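Breakdown of the fold
Residues per chain, in single letters:
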Amino acid sequence: MNAAVFSASALSLPISFSKTRSSYLSRKKGVKGEFRVYAVFGDESGLVEKKSQWRPLFDVEDPRSKAPPYKGKFLDVNQAIEVARFDIQYLDWRARQDLLTIMILHDKVVDVLNPLAREYKSIGTVKKELAGLQEELSKAHQQVHISEARVSTALDKLAHMEELVNDRLLPGRVVTDLDKPSSSTSTSTIELDREKTNTGAKSLNVSGPVPPYSPNLKNFWYPVAFTADLKHDTMVPIECFEQPWVIFRGEDGKPGCVRNTCAHRACPLDLGTVNEGRIQCPYHGWEYSTDGECKKMPSTKLLKVKIKSLPCLEQEGMIWIWPGSDPPTPTIPSLQPPSGFVIHAELVMELPVEHGLLLDNLLDLAHAPFTHTSTFAKGWSVPSLVKFLTPSSGLQGYWDPYPIDMEFKPPCIVLSTIGISKPGKLEGKSTKQCATHLHQLHVCLPSSKNKTRLLYRMSLDFAPILKNLPFMEHLWRHFAEQVLNEDLRLVLGQQERMLNGANIWNLPVAYDKLGVRYRLWRNAVDRGDEKLPFSD
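For clarity, every value in this text was computed on a predicted model and none was experimentally measured.

**Concerning the pairing of strand β17 (residues 436–448)**
Across the 13 residues of β17, 12 count as buried, placing the element largely inside the fold. Sheet analysis places strand β16 (residues 413–420) next to β17, joined by 8 bridges and oriented antiparallel. Across the sheet, the residue bridging to Ser416 is Gln440, located in β17. In the sheet, β17 pairs with strand β18 (residues 451–460) via 10 bridges, with the strands oriented antiparallel. Bridged to Leu438 within β18 is Leu460. Between β17 and β18, which pair antiparallel one after the other, the connecting turn spans 2 residues.

**Quick word on the packing of aromatic side chains**
Tallied over the entire structure, the rule returns 8 aromatic pairs. Centroid distance Phe408 to Tyr518: 5.0 Å. Interplanar angle 65 degrees. Geometry classified as edge-to-face. Taken together, the positions of Phe408 in strand β15 (residues 404–409) and Tyr518 in helix α11 (residues 513–527) put the pair 110 residues apart, joining distant regions of the chain. Taking the relative accessible area as the measure of exposure, Phe408 reaches 2% and is therefore buried. Their ring planes at 25 degrees and their centres at 6.5 Å tell us that Tyr518 and Trp521 sit as a pair that is stacked. Of this pair, Tyr518 and Trp521 both sit in helix α11, 3 residues apart, which is roughly one turn of the helix.

**Examining the side chain of Thr452**
Relative to the helices and strands, Thr452 is located in strand β18. Residue classification places Thr452 among the buried positions, given a relative accessible area of 0%. Engagement of the side chain of Thr452 in a polar contact is seen with the backbone oxygen of Val353, the distance being 2.6 Å. Aside from chain neighbours lying at most four places away, what touches Thr452 is Met349, Glu350, Leu351, Val353, Glu354, His355, Leu358, Cys444, Leu445 and Ser447.

**Remarks on the layout of surface pockets**
By volume, the second largest pocket amounts to about 570 Å³. Every residue lining the second largest pocket is counted, 22 residues in all, and those nearest its centre are Asp364, Ala366, His367, Tyr511 and Asp512. For the lining of the second largest pocket, the elements supplying multiple residues, two or more each, are α8 (355–362), α9 (368–371) and α10 (472–499).

**What to know about the nonpolar core**
Within the largest apolar cluster, 91 residues are counted, with the highest numbers of intra-cluster contacts made by Tyr222, Val224 and Ile321. Broken down by element, the residue count for this core peaks at 10 residues, all from α10. For Ile321, the contacting residues outside a window of four places in its chain are Phe220, Trp221, Tyr222, Val224, Ile238, Cys240, Cys257, Leu310, Pro311 and Cys312. By size, the runner-up hydrophobic cluster in this structure holds 16 residues, among which are Cys267, Leu269, Tyr288 and Met297.

**A short note on α11**
For α11, which comprises 15 residues, the first-to-last C-alpha distance of 21 Å matches the rise-based estimate of 21 Å (1.5 Å per residue) to within 8%. Along α11, the residues that are buried comprise Lys513, Leu514, Gly515, Val516, Arg517, Tyr518, Arg519, Leu520, Trp521, Arg522, Ala524 and Val525. Remark: Gly528 follows α11 within two positions and exhibits a positive phi of approximately 85 degrees.

**So, empty space enclosed by the protein**
Counted under the stated rule, the structure contains 3 cavities of 30 Å³ or more. Computed from the structure, the largest cavity encloses a volume of approximately 420 Å³. Along its surface, the largest cavity is lined by 26 residues, and Leu362, Phe376, Gln440, His442 and Val483 are the ones closest to its centre. Among the elements of the structure, α8, β15, β16, β17, β18 and α10 are those that each provide at least two residues to the lining of the largest cavity. Sort the elements by how many residues they give to the lining of the largest cavity and α10 lands first, with 6 residues.

**Considering the sheet that holds strand β5 (residues 273–275)**
On the basis of which strands lie adjacent, the open sheet formed by 4 strands has the order β5-β6-β7-β8 and antiparallel pairing. Looking at strand neighbours, the two that pair on one side only are β5 and β8 (294–296), the edges of this open sheet. With 2 bridges joining them, strand β7 (residues 287–288) and β8 adopt antiparallel strand pairing. Each residue of the ladder has a partner; that of Tyr288, found in β8, is Cys294.

**Structural notes on unusual backbone geometry**
For the peptide bond that leads from Asp400 to Pro401, omega is 20 degrees, which places it in the cis range. Of the consecutive residues Pro410 and Pro411, the connecting peptide bond is found in the cis state with omega at 5 degrees. Within the fold, Pro411 resides in the loop between β15 and β16. Phi is positive for Phe241, which is not a glycine, with a value near 55 degrees. Mapping Phe241 onto the fold places it in the loop between β2 (235–240) and β3 (243–249). The phi angle at Ala463 is positive, at roughly 50 degrees, despite the residue not being glycine. Mapped onto the fold, Ala463 is located in the loop between β18 and α10. Residue classification places Ala463 among the buried residues on the basis of a relative accessible area of 19%.

About the criteria used
- Residues numbered from 1 in each chain as written.
- Predicted model: local features only at pLDDT ≥ 70, side-chain atom pairs only at ≥ 80, totals over all residues.
- Heavy atoms only, no water.
- Buried < 20%, exposed > 50% of the residue type's maximum accessible area, 1.4 Å probe, protein only.
- Helix = DSSP H or I, 4+ residues; strand = E, 2+ residues; numbered from the N terminus.
- Pairing = 2+ DSSP bridges.
- Phe/Tyr/Trp six-rings, centres within 6.5 Å; stacked < 30°, edge-to-face > 60°.
- Polar contact = N/O pair within 3.5 Å; in protein donor to acceptor, adjacent residues only side chain to side chain.
- Contact = heavy atoms within 4.5 Å.
- 1 Å grid on protein atoms, 1.4 Å probe; cavity = no way out; pocket = protein on both sides within 12 Å on 5 of 7 lines; lining within 4 Å.
- Points joined across faces, edges and corners; volume = space filled by probe spheres on them.
- Core = buried A, V, L, I, M, F, W, Y, C linked by side-chain atoms within 4.5 Å.
- Expected span 1.5 Å × (residues − 1).

Pasting the structure below:
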């Protein structure tokens, strides 16, 4: 009945959730307090008088006559959304009716037990009236189970919607002549693909234990959290380059990042609280500002103590830090989705894999029809040739024959725009030829040698109503986790082989181009090259 309670609370109703004793209302396991929603079958003529007092609240049209005519049919995504919308409207209407019934039963009980009213009634009459109310409450109890079943059905429909998203969010690939290499390929395309992937790739050797992180790799701005996750009285603990940090907002509301270790007894600060813009250690109450300076030492003389802090900025809905020793650069790259897109989900996950391996995986699309057979690539055919077309100097381009644009943005960011085709039909070979699109942001923060903090943002340029549907955040998280789990079992296997000496870049081929370029860029950073490759 959570949906009904939600609908009632959304109407700002004066509902008490107190844990008072009740003779007739039984507590359902897992439900706090004694508040339950009941509805009574049968004649509802007794509701008229009550409705007259609360007409603006209860005078809502019964939506059942407008139920979508899709029963027993296979639905497309738009139809599934329509069904979910109807379920929400119906549950809202049902909650209003159940609430009205509760109010009427409450009034009846008050009338029967009113001491003044009892003066004019015999004990037998009172017993009879109470027995009648008990019967009504029994019927209401039965209706509770029916209402709960309705909620369960609504959730099942949302699960069906998830299945549709899994099957149809990206185009089901059909082999056509468009998938085959054309002899009339334009000169510009030939120029884009002229550079051979194996140039420089033969020297790639990514094997053995992960070496210590180069100080040069730290001299970049790193996104570490979404603005929405950092409230004024909360903190976000992270690991970055094998060091513990904690992010919180200062008294001025600006974010700060300090070492997540108290200077006193090395207690993790994130176990404490944030008070008036200072993070307080839970051990002895020492408090630190966003620049790391200790401002309070209860029960002792205040000493001049400071813990390490990092440059920390907030831009376009993300929190950034600079973990390096060089002075921070004055600008931060924009990670906003393109114009016309609406952000639908922002997720954070901790993954047990080295961040370079995860970037290798994200920069490769050729594995999709073999790896993601239960999620977005379900039904994709295997093209005769997969290529990544890119300028001779750059870390961005597009996939052929998939309508997907992709870019690696240093130091650990992957941006992609995916053209969404109709199921079973190839709308175009490029994103510009597709009417609707999905935009993705992946940030792979190097937490440690075997752990990555993944920030994922998903945006769409269609179906804005999805953003306002209940449970959609959970649906997107579930979908993202399914896709990642398909990858992780393979990448974890790679990591094990790598640690035992296998070279995970032993034999690159043409479609590995973007991943190879990332590795060549990473090697140049580690060496401290003055000019980094593919920087034009």
